[in-house]
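The residues making up each chain are set out below.
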Amino acid sequence: MKLSVIGAGYLGAVHAAAMASLGFDVVAVDVDADRIGRLRDGAAPFYEPGFDALLADVMATGRLTWSLDYADLADADVHFLCVGTPQRRGSHAADLRYVWDAVEALIPHLRPDAVLAGKSTVPVGTAAAIADRIARTWQGDSDHIPVVVWNPEFLREGFAVEDTLRPDRIVVGVPDGPAGERAAAVMREVYATQVAASIPLLVTDRPTAELVKVAANAFLATKISFINAMAEVCEATGADVVTLADAIGYDARIGRKFLGAGVGFGGGCLPKDIRAFSARAGELGVDQALTFLREVDDINSRRRDRAVETARDLVGGSFRGRRVCVLGAAFKPNSDDVRDSPALDIAARIHNEGGQVVVHDPKALANAEARFPSLRYEPDLRAALGGADVVLLLTEWQEYRDLDPVAVAEWVAGPRLLDGRNVLDGAAWRAAGWSFRGMGREHG
Ligand code: NAD
């Protein structure tokens, strides 16, 4: 079986390499010539643990090709649509222009028996709209027409290779009738390795498959904002949100995962996905069902305000003339993705208040600089910390967790620290002479 992947970003490039590693012939197309050039050279265009090694392995097999030309996709049995679906400018809705551009470019090259499997995160109803578009433009026999299925992706950046090869579950939404049954059989063949490893494969209708993805992200965002709302209450009462999370997390119905109070969520998925989900609910006349997601979003952005306030407090009420060391630019550790990164947003706000901000990150500095060119970036951790009046830990990279409070106290101008992710041992830092603050905890 031959597969194609359209869009070679964090999702598509990893999916293409992973499928080639399973033995499929894969051709991946992107419109970004620089990205395709790098991938052809075997160089990952982003940082993702394990991806370089996977790429090197599969490039050596000759089973994976990278292309700028849709004609190269023509003989594929299954086309995986993996282009971006960012937030539309000036709106909360998803911007589907890349999806439609890709569909239009693909249609002339589709075989009648091809399956188009959407993996991008899209508003419910998109799969049916794409199927309609194909049906309206199809020149051949209307009984032999490509089938559109939705196969949402649940990978986590930082674990993308592992999650792609061994996901928790696979969801495939197919249309009713024989065409849908045939497409489901094709998808079972594509994922035969995972199915053989007892990974659940759920076949459902297309709207359910589209909704599974946004529902999962809405739940995760809600869980983070729930604990961050508790952090606000803890701050008002002197309670400790980390102990609170530990204690409620022991309840198996609640669970401890995603109860890390801090500066909140960011990235290329959760923020734009909950907004697009709300916008779509409005179009469907069920906006009340998701009004809580507005609150989830507001709680999340209030945490960023709180981090700025706490840091300002630590330096005596104003950032003017103060050197501020920001540890972390990526939206999460083990990634170079800075899309809607809380760390960079907080750094930019402090810069706008007159702080002399220096940002460090082990992997994301180039992306951060492209997004916020006016901030100062320092690749050497010790140099970034040197002379700081206040340190903000905003992305919980392991090397920041491992910092020695006694040694770092020697490098900075003033030992003041905000642990925006609640990952450090506050008692050890205080014992080393630091003014130490967490998020939602006074004494942690
Ligand atoms: P990305 O921005 O990293 O990659 C998108 C790629 O699509 C880019 O390389 C871009 O050049 C390419 N592209 C744009 N228009 C194209 C076209 N017409 N033809 C071919 N290629 C085109 O985005 P991403 O993070 O990989 O996300 C892609 C989709 O997957 C989004 O819908 C996202 O919500 C979803 N998703 C992402 C993740 C993740 O962790 N990144 C996880 C699950 C789902």
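Residues numbered from 1 in each chain as written. Predicted model: local features only at pLDDT ≥ 70, side-chain atom pairs only at ≥ 80, totals over all residues. Heavy atoms only, no water.

J.: Summarise the pairing of strand β13 (residues 416-419); cite the residues concerned and give the values.
T.: Where strand β12 (residues 390-393) meets β13, 3 bridges bridge the pair, whose relative direction is parallel. Residue leucine 392 lies in a different strand from β13, and its bridge partner there is leucine 418. In this structure, β13 lies alongside strand β14 (residues 435-437), joined through 3 bridges in parallel fashion. For leucine 417, the partnering residue across the bridge sits in β14 and is phenylalanine 436. For the crossover that starts at β13, traverses helix α18 (residues 426-431) and ends in the parallel β14, the hand is right-handed. (Pairing = 2+ DSSP bridges. Helix = DSSP H or I, 4+ residues; strand = E, 2+ residues; numbered from the N terminus. Right-handed = clockwise from strand over helix to strand, strands pointing away.)

J.: How would you summarise the side chain of threonine 121 if you had to cite specific residues and measurements?
T.: Relative to the helices and strands, threonine 121 resides in the loop between β5 (115-118) and α5 (126-137). A relative accessible area of 13% places threonine 121 in the buried class. With sequence-adjacent residues up to four places away left out, threonine 121 is seen in contact with Thr85, Lys213, Val214, Lys272 and Asp273. (Buried < 20%, exposed > 50% of the residue type's maximum accessible area, 1.4 Å probe, protein only. Contact = heavy atoms within 4.5 Å.)

J.: Give me the lowdown on the layout of surface pockets, citing residues and values where you can.
T.: The computed volume of the second largest pocket comes to approximately 230 Å³. Every residue lining the second largest pocket is counted, 15 residues in all, and those nearest its centre are Ser142, Ile145, Pro146, Val147 and Ala179. At the level of elements, α5, β6 (147-150) and α7 (178-190) are the ones that each hand at least two residues to the lining of the second largest pocket. Considering only residue class, the lining of the second largest pocket consists of 9 nonpolar, 2 polar and 4 charged. (1 Å grid on protein atoms, 1.4 Å probe; cavity = no way out; pocket = protein on both sides within 12 Å on 5 of 7 lines; lining within 4 Å. Points joined across faces, edges and corners; volume = space filled by probe spheres on them. Nonpolar A, V, L, I, M, F, W, Y, C, P; charged D, E, K, R; others polar.)

J.: Lay out the sheet that holds strand β10 (residues 356-360) in plain terms, naming residues and giving numbers.
T.: The sheet built from 6 strands is open, its strands ordered β11-β10-β9-β12-β13-β14 with parallel pairing. Each having just a single partner strand, β11 (376-377) and β14 make up the two edges of the open sheet. Pairing of strand β9 (residues 323-327) with β10, which is carried by 5 bridges, proceeds in the parallel orientation. What sits directly across from valine 326, in β10, is valine 359. Strands β9, β10, β11 and β12 of the sheet are contacted by helix α13 (residues 342-352), whose axis makes an angle of about 160° with β10. (Axes fitted to C-alpha atoms, helices over the stretch in contact; angles between N-to-C directions.)

J.: Which residues make up the pairing of β6, and what are the values?
T.: Side chains Val147 and Val149 project from β6 onto one buried face, and the interleaved Val148 and Trp150 project onto a second face that is buried too. Across 4 bridges, the pairing between β5 and β6 is parallel. Directly across from leucine 116, in β6, lies its bridge partner valine 148. Tracing the backbone out of β5, into α5 and back to the parallel element β6 gives a crossover that is right-handed.

J.: So what about the environment of alanine 179? Which residues, and what values?
T.: With respect to the helices, strands and loops of the structure, alanine 179 is situated in helix α7. Relative accessible area serves as the criterion here: at 38%, alanine 179 is assigned to the partly exposed category. Separated by 87 residues in sequence, alanine 179 and histidine 92 have C-alpha atoms that sit 35 Å apart.

J.: Tell me about the site of the ligand, residues and numbers included.
T.: Neighbouring the ligand are 28 residues, the closest being Asp30, Tyr70, Thr85, Glu157 and Lys272. Tyrosine 70 is positioned with one of its side-chain polar atoms (N or O) 2.6 Å from a nitrogen atom of the ligand. Protein chains shield 90% of the accessible area of the ligand, which is 830 Å² for the free molecule. Mapped by element, the contributors of at least two residues to the shell around the ligand are α1 (10-21) and α4 (97-106). Of all the elements, α4 adds the most residues to the shell around the ligand, at 3 residues. (Near = heavy atom within 4 Å. Polar contact = N/O pair within 3.5 Å; in protein donor to acceptor, adjacent residues only side chain to side chain. Areas by Shrake-Rupley, 256 points an atom, 1.4 Å probe, with all protein chains shown as cover.)

J.: I'd like a description of unusual backbone geometry, backed by residues and values.
T.: Excluding glycine, residues mostly carry a negative phi; peptide bonds, for their part, are mostly trans. The phi torsion at serine 198 lies on the positive side, around 65°, for a residue other than glycine. By the element assignment, serine 198 lies in the loop between α8 (192-196) and β8 (201-205). The exposure class of serine 198 is exposed, given its relative accessible area of 66%. A positive phi is found at asparagine 422, a non-glycine position, where the angle reads about 50°. In this fold, asparagine 422 is placed in the loop between β13 and α18. For asparagine 422, a relative accessible area of 13% gives the class buried.

J.: Break down the nonpolar core for me, citing the residues and quoting the values.
T.: Residues Ile350, Val359, Val391 and Leu392 are the most contacted members of the largest nonpolar core, which totals 48 residues. Within the residue set of this core, elements represented by two or more residues are α12 (292-314), β9, α13, β10, α14 (365-371), α15 (381-385), β12 and β13. The leading source of residues in this core is α13, at 5 residues. In this view, valine 391 contacts Cys325, Leu327, Leu385, Val412, Arg416, Leu417, Leu418 and Trp434; residues no more than four positions away in its chain are not counted. Leu55, Ala117, Leu165 and Ile199 belong to the second largest nonpolar core, which has 46 residues in total. (Core = buried A, V, L, I, M, F, W, Y, C linked by side-chain atoms within 4.5 Å.)

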